[in-house]
Amino acid sequence: MTETTATAEIAGLGLTGKIAIVTGAASGIGKGIARRLAAEGAKVVIADLNEQAAQDTAAALGCDAMGISVDVSDRGTVDAMVEAVMDRYGVIDILVNNAGWDKIGPFLEQDPAIWERIININLIGVLNCSQAVALRMKDQGHGTIVNVGSDAARVGSSGEAVYSAAKGGIVAFTKTLARETARYGLTANAVCPGPADTPLFAQVAADAPKLRDSLERSIPLRRLAQPEDLANAVAFLVSPRTGYVTGQTLSVSGGLTMI
Ligand code: NAD
């Protein structure tokens, strides 16, 4: 092997041809992640509750991509989605558990029905998809999972008590998933966004018109994250170049949290 060939082999992120499932990829951060992975040459499955938006997003990628409906909180639809991906591609190299939902409100006044929805989508959804996909990855002997948490998991967030609990669960789960599946050749990491400029943030900020301004003043880099900021971090973590990184939690918050 010449030095030039060796250099060419380590250039780029090494994602060409990889099969990646991104949940909640029809909007916001997930859409940004799907675009980034597709730009790196991956074949991306847009798995989202909103089937039409999933298909539109997949078509707009302009590469080999698949849009499919899934409710991550419903194991039956998760298993069907995984089956459909295996039928089409025969392998799953990457899973990004990004789908999430939130309803802001003081804990002491919040309806337990809302807690249940928050936990089911944000936490149970990650467990459902991780188990369904990791079983396939175990058979393959390789695979990498990135779970999208939140810095609310690490530092708390007023009005987001149950959401923080669900996201904290994701961070803790990721570490044990990494420990238990390393022996099968799998890695698992978490990315924790700070406030990000997406439809979910717009919905949360609708009742708090000053929220954006006050956050922009508090964030050392003086702006909210864009989906691309998170997408770059996820692309780094799912790359074979970082295949020795597992069980880690990476904050992408413009310096808002530094723990
Ligand atoms: P978003 O609302 O723009 O997109 C979320 C997507 O998830 C949507 O396409 C939605 O249809 C899909 N979805 C919702 N419930 C689903 C379900 N049960 N099954 C499958 N798909 C479902 O949100 P976003 O801001 O892009 O958030 C993406 C992730 O980042 C979430 O996990 C969120 O908790 C996390 N996050 C966001 C912020 C922020 O400020 N935007 C901050 C920290 C963490």
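Every chain's residues receive numbers from 1 upward, in the order its sequence appears when written. Residue-level local features of this predicted model are given only where pLDDT is at least 70; pairs of side-chain atoms are given and counted only at 80 or more, and the full residue set underlies all totals for whole chains, interfaces and linings.

In the nomenclature of an unreviewed UniProt entry, the chain is known as 2-hydroxycyclohexanecarboxyl-CoA dehydrogenase of Enteractinococcus fodinae. UniProt positions are given in the numbering used here, feature names are shortened, and annotations may be inferred rather than shown by experiment. Of the comments in the UniProt record for the chain, the one headed Sequence similarities (unreviewed entry) reads "Belongs to the short-chain dehydrogenases/reductases (SDR) family."

(A) Spatial organisation of the packing of helix α2 (residues 28-39) against helix α10 (residues 227-238). Relative orientation of the contacting elements α2 and α10 amounts to 50°, with a least axis distance of 8 Å. Classified by the interaxial angle, the pair formed by α2 and α10 is oblique. Crossing of α2 against α10: the hand is right-handed. Across from Gly28, Ile29, Lys31, Gly32, Ile33, Arg35, Arg36 and Leu37 in α2, the residues of α10 making contact are Pro227, Glu228, Leu230, Ala231, Asn232, Val234 and Ala235. Lines fitted to C-alpha atoms define the axes, with helix axes restricted to the stretch in contact, and inter-axis angles between N-to-C directions lie between 0 and 180 degrees. Strands are runs of DSSP state E lasting at least two residues, helices are runs of H or I lasting at least four, and both sets are numbered from the N terminus onward. Roughly parallel covers angles under 35 degrees, roughly antiparallel covers those over 145, roughly perpendicular covers 65 to 115, and oblique covers all other angles. Each crossing gets its hand from how the near helix is turned against the far one by less than a right angle, where anticlockwise is left-handed and clockwise is right-handed. Contact between residues is assigned whenever the C-beta positions, reconstructed from backbone atoms, fall within 7 Å.

(B) Structural detail: the confidence of the model for the chain. When pLDDT is averaged along the chain, the result is 96, and 97% of the positions lie at 70 or above. Overall fold confidence for the complex sits at a pTM of 0.97, while the interface term, ipTM, reaches 0.99. Along the chain, pLDDT gives the predictor's confidence residue by residue, from 0 to 100.

(C) Up close: the site of the ligand. We count a residue as near a molecule or strand when its backbone-placed C-beta atom lies within 6 Å of that partner. In the vicinity of the ligand, 29 residues are found, and the nearest of them are Gly24, Gly28, Gly100, Thr198 and Leu200. Residues are grouped as follows: Ala, Val, Leu, Ile, Met, Phe, Trp, Tyr, Cys and Pro are nonpolar; Asp, Glu, Lys and Arg are charged; every other residue, Gly included, is polar. Residues of the shell around the ligand, tallied by class, amount to 15 nonpolar, twelve polar and two charged.

(D) Main features of the pairing of strand β4 (residues 94-97). Burial along β4 is two-sided: the residues Ile94 and Val96 and Leu95 and Asn97 are all buried. Two strands qualify as a pair provided that DSSP identifies no fewer than 2 bridges between them. By the bridge criterion, three bridges tie strand β1 (residues 19-23) to β4 in an arrangement that is parallel. Opposite Val22, over in β4, you have Val96 as the bridge partner. Looking at chain direction, β4 and strand β5 (residues 143-148) are connected through four bridges and run parallel. Paired with Ile94 across the bridge in β5 is Thr144. In this scheme the burial state of a residue depends on its C-beta neighbours within 10 Å: 20 or more other such atoms mean buried, 12 or fewer mean exposed, and anything in between means partly exposed; the C-beta positions come from the backbone.

(E) Examining the sheet that holds β5 more closely. What the seven strands build is an open sheet, ordered β3-β2-β1-β4-β5-β6-β7; its pairing is parallel. Bordering the open sheet on either side are β3 (65-69) and β7 (249-252), each of which pairs with just one other strand. Averaged over all neighbouring strand pairs, the angle between strand axes comes to 15°, with direction disregarded.

(F) Structural view of the UniProt feature "domain: Ketoreductase" (unreviewed entry) in the chain. Mapped onto this numbering, the UniProt entry annotates "domain: Ketoreductase" (unreviewed entry) at residues 18-198. The span residues 18-198 shows a helical share of 50% and a strand share of 19%, and its end C-alpha atoms are spaced 27 Å apart.

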